[in-house]
Amino acid sequence: MRLLRNILNTIFIIGALIGMYLYYKGNTDTGTIVIIVAMAFKFIEVVIRLLKLEDKH
């Protein structure tokens, strides 16, 4: 489960960076949508962490 959390965090970071780049380059609508989608991945990761669905090694 830790691998899944790391993958979700990586997707979030890359998505947030791409969204910020698009936002500041003038395409604010697309940048905002990309950031919101990236945040959805972060929310999923947080739910996994809070519900303690990860392995207990």
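In the block above lies the structure referred to throughout.
Overview of the structure. Because the structure is a prediction, the values reported are computed rather than measured.

Some points on the pattern of salt bridges
So, point 1. Evaluation of the coordinates by the stated rule reveals three salt bridges.
So, point 2. Of the charged contacts, one joins Arg5 and Glu45 as a salt bridge, the two residues approaching to 2.9 Å between their closest N and O atoms. A residue pair is termed long-range when its members are at least 10 positions apart, and Arg5 in helix 1 (residues 2-24) and Glu45 in helix 2 (residues 28-50) qualify at 40 residues. Of the two residues, Arg5 and Glu45, neither departs from the other in class, the shared state being buried.
So, point 3. The salt bridge partner of Glu45 is Arg49, with a shortest N-O separation of 3.2 Å. Of this pair, Glu45 and Arg49 are both found in helix 2, four residues apart, which corresponds to roughly one turn of the helix.
So, point 4. You can call Glu45 buried: its relative accessible area is 1%.
So, point 5. Through salt bridges that share partners, Arg5, Lys42, Glu45 and Arg49 make up one connected network.

About the cut-offs
- Residues numbered from 1 in each chain as written.
- Predicted model: local features only at pLDDT ≥ 70, side-chain atom pairs only at ≥ 80, totals over all residues.
- Heavy atoms only, no water.
- Salt bridge = Lys/Arg side-chain N within 4 Å of Asp/Glu carboxyl O.
- Helix = DSSP H or I, 4+ residues; strand = E, 2+ residues; numbered from the N terminus.
- Buried < 20%, exposed > 50% of the residue type's maximum accessible area, 1.4 Å probe, protein only.

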